[in-house]
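Fold and geometry: a report
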Amino acid sequence: MKILKFGGTSVGSVDSIRKLLQIVENEQGGTENPIIVLSAMSGVTNLLASMADSAANGGTFNNELKELEERHFEVIKELLAVPKQNPVFTKLRILFNELEDLLQGIMILRELTPRSRDLVLSYGERCSTFMISKIAGQKSDEDVYLNAAEVVKTDSSFGQARVNMELTELLIRDFYNQNKGKMLFVTGFIASNDEGRITTLGRGGSDYTAAIFGSALNAKEIEIWTDVNGMMTADPRMVKKAFSLPELSYTEAMELSFFGAKVIYPPTMIPAFMKKIPIIIRNTFEPEFPGSVIRHDCDHSNLAIKGISSINDISIINIEGSGMVGKAGFSGRLFSLLAREQINVILITQSSSEHSITFAIHPSDAERARLLIEQEFELELLAKKIEAPVFEQGLSVLAIVGENMKQTPGISGKLFHSLGRNGINVRAIAQGSSEYNISVVISKEDLNKGLNAVHDAFFVELNKTLNVFCLGTGNIGTTLFRQLLEHRDFLQKHNGIQIKVVGIANTRKMLFDAEGISLENWKESLHKEGEQANLSDFVERMKSMNLPNCIFADNTASIKPIEYYQEVFSSNISIVTCNKIGNSSSFQQYKLFRDTARLHGVDFFYETNVGAGLPIVKTLKDLMISGDRILSIEAILSGTISYIFNNFKGTSTFHDIVKQAQERGYTEPDPRDDLRGTDFMRKMLILAREAGYELEAADVEIESMLPDSCLNAATVSDFYKSLQSENSFFENMKNQAQQSNKVLRYIGKLEHGKVKIGLQMLDDGHPFYALSGSDNIISFTTDRYKERPMVVKGPGAGAEVTAAGVFADIAQVGANKF
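A brief look at the structure comes next. Since the structure is predicted, the reported quantities are computational estimates derived from the model, not experimental observations.

1. Structural notes on the overall build of the protein chain
Along its length, the protein chain carries 31 helices and 29 strands. In terms of C-alpha radius of gyration, the protein chain reaches 37 Å, well past the compact-globule figure of 28 Å for 818 residues. A principal-axis box enclosing the C-alpha atoms of the protein chain has dimensions of 115 × 75 × 55 Å. With 818 residues in all, the protein chain has 54% of them scored as buried. Within the protein chain, counting contacts between residues at least 6 apart in sequence, those at least 24 apart form 72% of the total. Carbon and sulfur atoms form 48% of the exposed surface of the protein chain, whose accessible area is close to 36,200 Å². Averaging the coordinates of the 85 positive side-chain charges in the protein chain and doing the same for the 101 negative ones gives two points 2 Å apart.

2. Some details on unusual backbone geometry
At Phe 189, a residue that is not glycine, the phi angle is positive and equals roughly 80 degrees. Mapping Phe 189 onto the fold places it in the loop between strand E4 (183-187) and strand E5 (190-192). A relative accessible area of 10% means that Phe 189 is categorised as buried. Of note, the phi angle at His 752 is positive, near 55 degrees, even though the residue is not glycine. Looking at where His 752 falls in the secondary structure, it is placed in the loop between strand E26 (743-751) and strand E27 (754-762).

3. Topic: the packing of aromatic side chains
Describing an aromatic ring pair means giving the distance of the ring centres and the angle of the ring planes. Counting across every chain of the model gives 28 aromatic pairs. Here the aromatic rings of Phe 593 and Phe 604 are separated by 6.0 Å at their centres, their planes lie at 85 degrees, and the arrangement is edge-to-face. Remark: Phe 604 occurs in strand E23 (residues 604-605) and Phe 593 occurs in helix H21 (residues 587-599); sequence separation between them is 11 residues. As far as burial versus exposure is concerned, Phe 593 and Phe 604 are alike and both buried. Each member of the aromatic cluster is reached from another via a ring pair, and the members are Phe 469, Phe 512, Phe 538, Phe 552, Tyr 565, Phe 569, Phe 593, Phe 604 and Tyr 606.

4. Remarks on the packing of helix H1 (residues 14-27) against helix H3 (residues 62-79)
Orientation of H1 relative to H3, taken along the N-to-C sense of each, is 55 degrees, at an axis distance of 10 Å. With respect to their mutual orientation, H1 and H3 come out oblique. In terms of crossing hand, the pair formed by H1 and H3 is right-handed. Taking contact as the criterion, the partners of Val 14, Ile 17 and Arg 18 in H1 are, on H3, Glu 74, Val 75, Glu 78 and Leu 79. Classifying every residue of the contact of H1 with H3 by side-chain character gives 4 nonpolar, no polar and 3 charged.

5. Comments concerning the packing of helix H13 (residues 411-421) against helix H14 (residues 447-458)
Contact geometry of H13 with H14 gives a least axis separation of 9 Å together with a crossing angle of 135 degrees. Between H13 and H14, the interaxial angle falls into the category oblique. Crossing angle aside, the handedness with which H13 passes H14 is right-handed. Residue-level contacts link Ile 411, Lys 414, Leu 415, Ser 418 and Leu 419 of H13 to Gly 450, Ala 453, Val 454, Ala 457 and Phe 458 of H14. Looking at the contact of H13 with H14 residue by residue, the classes come out as 7 nonpolar, 2 polar and 1 charged.

6. Re helix H17 (residues 522-529)
Three or more residues of H17 are buried, namely Trp 522, Ser 525 and Leu 526. All buried residues of H17 project into a common sector of 100 degrees when viewed along the axis, lining one side. Of the exposed residues in H17, the ones pointing more than 90 degrees away from its buried face are Lys 523, His 527 and Lys 528. Buried residues along H17 sit in contact with helix H15 (475-486), strand E18 (497-505) and strand E19 (509-512).

7. Regarding helix H2 (residues 44-56)
Each α-helix winds once per 3.6 residues, and so residues spaced three or four apart point in a common direction. Between its first and last C-alpha, H2 extends 18 Å over 13 residues, near the 18 Å set by a 1.5 Å rise per residue. For H2, every residue scored as buried is listed here: Val 44, Leu 47, Leu 48, Ala 49, Met 51, Ala 52, Ala 55 and Ala 56. In this fold, the buried residues of H2 make contact with H3, helix H4 (85-109) and helix H5 (114-136). Positive backbone phi, approximately 85 degrees, marks Gly 58, located one or two places after H2.

8. Some points on a nonpolar patch on the surface
Side chains of Ile 270, Phe 273 and Met 274 sit close together on the surface and give an oily, nonpolar patch of about 300 Å² of accessible area. Within the fold, Ile 270 resides in helix H9 (residues 270-275).

9. Some details on the sheet that holds strand E14 (residues 390-401)
The antiparallel open sheet is built from 6 strands, whose spatial order is E12-E13-E11-E14-E16-E15. Single-partner strands in this sheet number two, and they are strand E12 (345-350) and strand E15 (428-431). On average, each strand axis in the sheet is tilted by 30 degrees relative to the strand beside it, whichever way the strands run. In the sheet, strand E11 (residues 307-320) pairs with E14 via 9 bridges, with the strands oriented antiparallel. Of the residues in E14, the one forming a bridge with Ile 308 is Ile 400. Along the sheet, helix H8 (residues 250-258) makes contact with E11, E12, E14 and strand E16 (437-443), crossing E11 at roughly 65 degrees. In the packing of H14 onto the sheet, the strands contacted are E11, E14 and E16, and the crossing angle to E14 comes to about 25 degrees.

10. Looking at the pairing of E4
The buried count for E4 comes to 5 of 5 residues, which makes it a mostly enclosed element. Residues Met 183, Phe 185 and Thr 187 line one face of E4 and the alternating positions Leu 184 and Val 186 line the opposite face, and both faces are buried. Strand direction decides the pairing type here: strand E2 (residues 35-38) and E4, joined by 4 bridges, are parallel. For Val 37, the partnering residue across the bridge sits in E4 and is Val 186. The sheet contact formed by strand E3 (residues 143-146) and E4 spans 4 bridges and is parallel. The residue of E4 that forms the bridge with Asp 143 is Met 183. With helix H6 (residues 165-178) bridging E3 and the parallel E4, this β-α-β connection has right-handed handedness.

11. Digging into the pattern of salt bridges
Tallying each qualifying case throughout the model produces 43 salt bridges. When the shortest N-O distance is used, the salt bridge between Asp 595 and Arg 598 registers 3.1 Å. Of this pair, Asp 595 and Arg 598 both sit in helix H21, 3 residues apart, roughly one helical turn. On the basis of relative accessible area, Asp 595 is assigned to the partly exposed category, the value being 29%. Linked by salt bridges that have partners in common, Lys 2, Glu 27, Glu 221, Glu 223 and Arg 282 make up one network.

12. Things to note about the sheet that holds strand E7 (residues 221-226)
Either a parallel or an antiparallel arrangement is found when strands of a sheet pair, and the pairing is made through backbone hydrogen bonds. Spatial strand order, E3-E4-E2-E1-E7-E9-E10-E8: 8 strands in an open sheet with mixed pairing. Single-partner strands in this sheet number two, and they are E3 and strand E8 (247-249). Averaged over all pairs of adjacent strands, the angle between strand axes in this sheet comes to 20 degrees, irrespective of strand direction. Relative to strand E9 (residues 279-283), E7 is paired through 5 bridges, and the arrangement is parallel. Following the sheet pairing, Ile 222 is matched in E9 by Ile 279. The sheet strands contacting H5 are E2, E3 and E4, and the helix crosses E4 at an angle near 165 degrees. Against the sheet, helix H7 (residues 205-216) contacts strand E1 (2-6), E2, E3, E4 and E7, and its axis sits at roughly 170 degrees relative to E1.

13. Topic: the pairing of E15
Residues Ala 428 and Ala 430 line the buried face of E15, whereas the alternating positions Ile 429 and Gln 431 sit on a face that is not buried. Sheet topology places E15 next to E16; 4 bridges connect them, and they run antiparallel. Each residue of the ladder has a partner; that of Ile 429, found in E16, is Val 440.

Rules and cut-offs
Residues numbered from 1 in each chain as written. Predicted model: local features only at pLDDT ≥ 70, side-chain atom pairs only at ≥ 80, totals over all residues. Heavy atoms only, no water. Helix = DSSP H or I, 4+ residues; strand = E, 2+ residues; numbered from the N terminus. Rg over C-alpha atoms; globule rule 2.2 N^0.38 Å. Buried < 20%, exposed > 50% of the residue type's maximum accessible area, 1.4 Å probe, protein only. Contact = heavy atoms within 4.5 Å. Areas by Shrake-Rupley, 256 points an atom, 1.4 Å probe, with all protein chains shown as cover. Lys, Arg positive; Asp, Glu negative; His and termini not counted. Charge placed at Lys NZ, Arg CZ, Asp CG, Glu CD. Phe/Tyr/Trp six-rings, centres within 6.5 Å; stacked < 30°, edge-to-face > 60°. Axes fitted to C-alpha atoms, helices over the stretch in contact; angles between N-to-C directions. Parallel < 35°, antiparallel > 145°, perpendicular 65-115°, else oblique. Left-handed = near helix turned anticlockwise from the far one by under 90°. Nonpolar A, V, L, I, M, F, W, Y, C, P; charged D, E, K, R; others polar. Arc of directions from axis to C-beta. Expected span 1.5 Å × (residues − 1). Patch = residues over 30% accessible without salt bridge, like charges linked within 9 Å, V, L, I, M, F, W, Y side chains within 5 Å. Salt bridge = Lys/Arg side-chain N within 4 Å of Asp/Glu carboxyl O. Pairing = 2+ DSSP bridges. Right-handed = clockwise from strand over helix to strand, strands pointing away.

Written out as structure tokens, the structure is:
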């Protein structure tokens, strides 16, 4: 035999009641009919409470009473055959008249006692259960309405009555035996004391009623029908990736429920727990879904934790002082005081030195708790044996729960790593010796970010989400978005990473969407929905969105974003950049960026600063991390210069090759910006710093490849004229190289802590001799690669390869975070 309990949303409308009736019908036909426990229609309990409060304050309640009648009457008109409607209307009108008289009495007396409130609230379950029992029973006379107050007996603690289980179970079994073979429709939530006065069972009361009936009748199982697909790994309103748990133990369910999971209230499980009766959480609106089974003997799970729960708003109190050390009974005095005053303590943690104790309570109790503590420990405070209690508000509790935590090393480490990587400070920690629960107190504003970060860290079968804010929509930014879109499915399938672009900005517009901006039509969205761009506002919005696993991707060549790097790192946001200005300015700034990123536990990746998509910085770091010693680095790190000298041969003039390079888009609008070697210098400077040398830009020796007349030309047009007039200079270089069977290469070299960049002639024994096109090349000579240097070669410029390098760095942040 089963107990089926339906919550307020399941009886909240005509459509939901139709679904309820279909579920009940499907359960009939067995050896024993199920018992149906019902809540009030959704919103009715709150409506009744509001009416009672209004009456106590002398206000009117007629509109609410009319609304209450209309909701019930609408259901009857829709679902009950016309010939059978009048008796039900009559009974409900009697109940509504009783309620009106009761509210009138409260209004006259201007007094609402707990006993009166319980009686008012009881009309919600009494009306809904009677109505549904008659709708379900129109096909037979075997359906019986039972006011649970007749069989569930409690003390007189109105509002939170304690059940006399022995008497209650006896009365339930007796009533059930008298009605064998019939379908019982039972009011949830309500009971009565020894005098027959209506009491209520408090929060989760209807679930409690179902558990009481299940225990009394040794039910096979108890099904709780609600509006969600069972117990979930986290609150789906805050964690979009939360999923339903097929099975969990009583202990796990109680821990999750205590810390905020609203599906079931912990005390309601106790009667089922004592009798080891499974509780199944099902969805009325998706009955085919199997839901979650809460049972005594769960099968082994591969999940390290079962779920993450939270209490959204708490206050913590910290008491410390030397007078607490070794003082027996101090904690007893403190918590006995709070218990006497009905102040619930959510969490307790104490230092092993006994010098301080911290506990969490509900914010509504904070001021009262402060006054009570100051009164109780007045002498200790005056004698300075303890300090004045320190109160903190605006906090939340985040808890991870699971029986497997006890058998799995590293759970705490993973929890604190995921919080720390996202800049979430832990104010207090509590863990029981059972190791079923680790609770941390964090800032309330970080709760959403914390839940998502921890959920991503523990549930490895899900894709991990990176939230990226992209600055710059030029060639590189645009190409990056296309690559992210094209490789989205591959990245999720093979790397388990989902990259969401949640912010885009250029010099004109900026756009934000915490759910992710569509990369299929981002240009249109930015143009139509974007707001006026402001870099400072962009950074502030990125910080205020407070998303987990954030990355700031700088795809510009501007100095302005560099000014915000320090602030971004300090907000625990990683940076991926192809903008080399930051790393090639002063060494002090270069070092500050690294130190700040390390301090805040975030990443700073800039592979594209040196060789676009070529793995140059990573290769250098790997060599050094593995203990190898760098002897020298030689490199050609300018695609423009590489193209020019790779093609400056035969009858081609230097003027023609430079012109050709510009026409192909290899140079800046003014080719001298490339040919001066400034960009090359920045790349070599970054490499030198990565190799451990504290160099400044002025320390790099650059040999100009151009005569002064070319460099000093007033315009680009004049520059080309000067190239023609200096043709003999360039031809002389070319002929000299050809006569020696050598080639011209503009090479940067790091050796003995010094960097030189200049034009060299190389023979065919040099690894750079055969370079072609616009490729870059770099040679590492180390202790291990002395005879045959390690060479990295490939395209070192262009939007496609640079965007790919940024993409790879973003993915690397994901690998580090998880």
